[in-house]
Amino acid sequence: MINKCLFPVAGYGTRFLPATKAMPKEILPIVNKPLVQYGVEEASAAGIREFGFVTGRGKRAIEDHFDISYELEHQIAGTGKEEQLNSINELINNHTFAFTRQNEMKGLGHAILTGRNLIGDNAFAVVLADDFCVTEEGDDGVLGQMVQLYRQFRCSIVAIEEVPRDEAHKYGVIAGEPMKDGLYRITDMVEKPAADKAPSNLAIIGRYILTPDIFDILENTPPGKGGEIQITDALLEQARKGCVLAYQFRGRRFDCGSIDGFVEATNYVYQHVYRK
Ligand code: UTP
């Protein structure tokens with residue numbers, strides 16, 4: 001029912017310069033797998049088979065990663081190294097990948113609107129690959145949990161987590177009426193508020209399920225905080241017209257858009273996945 005997932009990957013990743021001068025942030029590896037592949041695997045585990053990427057200049061490595069590399073495969077054919085490509089080849093063989101470009105960095109809302117032609121008129125997921133999420137063994141991934149909620153409620157859903165007040169300025173922060181454990185109906189949202197202006201300590205992280213009416217709203221959303229078209233402004237409009245839910249997911253998120261979060265994620269995967 002949620003068949004498509006959009007990855008806005010046009011950002012410059014300036015916090016990782018000079019690493020991201022010629023390489024997309026999303027290709028930075030957590031141990032031996034690029035960030036963006038973890039995001040695609042999470043979406044695939046949620047039953048999603050079609051992927052759209054909103055890219056920009058200098059992001060070709062993402063397209064190449066989700067395509068077959070004949071020369072490489074030929075070189076390592078018949079050696080033990082072949083199986084190191086199993087995870088990516090499984091994705092390539094069973095999913096479709098489409099790409100469009102955001103010509104100007106006008107914000108996440110604008111990037112999502114740019115992906116409209118890849119999505120069409122159905123509810124869809126959005127993953128910000130630099131938020132790397134893990135869940136307990138045997139539990140669904142974060143997007144899988146959200147897809148199940150969408151089946152029940154049929155409206156836009158954002159993933160949230162508690163953050164310290166002094167970090168609220170990095171996020172979109174919600175206010176909401178509790179519906180049941182960990183689920184809120186959004187009544188207000190503020191993009192990157194100062195600590196004393198934050199309506200709660202519940203911050204939006206990079207997992208969304210959006211109903212397609214968000215596109216018309218985004219077309220009429222003026223630039224907001226930082227002069228960018230903000231998805232939070234469009235979601236607040238959607239919440240006022242109908243319903244948007246905020247879901248406190250089971251699991252753990254690493255902010256791999258920051259050096260600290262990236263190093264924590266690397267240590268986590270090395271210990272809990274790679275060395276196991
Ligand atoms: P960020 O602001 O966290 O990412 O945007 P960034 O710009 O790549 O990184 P820094 O801050 O310069 O280090 C959140 C997500 O939204 C996408 C980014 O690619 C990232 O995944 N984005 C943001 C776009 O695709 N287009 C935009 O215009 C803005």
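**Focus on the overall build of the chain**
And then number 1: The helix and strand inventory of the chain stands at 10 helices and 13 strands.
And then number 2: The buried share of the chain, reckoned over its 276 residues, is 51%.
And then number 3: Counting contacts in the chain only where the partners sit at least 6 residues apart, residues at least 24 apart contribute 75% of the total.
And then number 4: Computed over 30 positive and 38 negative side-chain charges, the inter-centroid distance for the chain is 2 Å.

**As for the site of the ligand**
And then number 1: Taken together, 17 residues lie near the ligand, and G11, T14, R15, Q102 and G107 sit nearest.
And then number 2: Relative to its unbound accessible area of 580 Å², the ligand is 80% covered by the protein chains.
And then number 3: For the shell around the ligand, the per-class residue count stands at seven nonpolar, five polar and five charged.

**Topic: the nonpolar core**
And then number 1: Counting residues in hydrophobic clusters, the biggest one holds 40 residues, and the most contacted among them are C5, F7, F51, F53, F66 and L143.
And then number 2: Tallying contributions element by element places helix α7 (residues 142-153) first for this core, with six residues.
And then number 3: Each residue touching F66, except ones within four places of it in the same chain, is listed here: V36, Q37, V40, F53, I88, L91, I92 and F97.

**Thoughts on the environment of R116**
And then number 1: The residue R116 is located in helix α6 (residues 116-119) in this model.
And then number 2: Between the C-alpha atoms of R116 and K225, which are 109 residues apart in sequence, the distance is 22 Å.
And then number 3: Non-local contacts of R116, meaning those with residues more than four positions away in its chain, are made with F215, D216 and E219.
And then number 4: Reaching out from R116, the side chain makes a polar contact with the side chain of D216 at a distance of 2.9 Å.

**With respect to the packing of helix α1 (residues 35-45) against helix α4 (residues 86-94)**
And then number 1: Their axes nearest at 11 Å, the elements α1 and α4 cross at an angle of 55°. Overall, the two elements α1 and α4 adopt an arrangement that is oblique. Both α1 and α4 take part in a crossing whose hand is left-handed. Of the residues in α4, those in contact with Q37, V40, E41 and S44 of α1 are S87, I88 and L91.

**Looking at the packing of aromatic side chains**
And then number 1: Per the stated rule, a full pass over the model turns up 13 aromatic pairs.
And then number 2: Ring geometry for F16 against F262: centres 5.4 Å apart, planes inclined by 70°, an arrangement best described as edge-to-face. Of the two residues, F16 sits in the loop between β1 (4-8) and β2 (29-30) while F262 sits in helix α10 (residues 259-274), which places them 246 residues apart along the sequence.
And then number 3: Members of the aromatic cluster, each reached through a chain of ring pairs, are F7, F51, F53, F66, F97 and F99.

About the thresholds
Residues numbered from 1 in each chain as written. Predicted model: local features only at pLDDT ≥ 70, side-chain atom pairs only at ≥ 80, totals over all residues. Heavy atoms only, no water. Helix = DSSP H or I, 4+ residues; strand = E, 2+ residues; numbered from the N terminus. Buried < 20%, exposed > 50% of the residue type's maximum accessible area, 1.4 Å probe, protein only. Contact = heavy atoms within 4.5 Å. Lys, Arg positive; Asp, Glu negative; His and termini not counted. Charge placed at Lys NZ, Arg CZ, Asp CG, Glu CD. Near = heavy atom within 4 Å. Areas by Shrake-Rupley, 256 points an atom, 1.4 Å probe, with all protein chains shown as cover. Nonpolar A, V, L, I, M, F, W, Y, C, P; charged D, E, K, R; others polar. Core = buried A, V, L, I, M, F, W, Y, C linked by side-chain atoms within 4.5 Å. Polar contact = N/O pair within 3.5 Å; in protein donor to acceptor, adjacent residues only side chain to side chain. Axes fitted to C-alpha atoms, helices over the stretch in contact; angles between N-to-C directions. Parallel < 35°, antiparallel > 145°, perpendicular 65-115°, else oblique. Left-handed = near helix turned anticlockwise from the far one by under 90°. Phe/Tyr/Trp six-rings, centres within 6.5 Å; stacked < 30°, edge-to-face > 60°.

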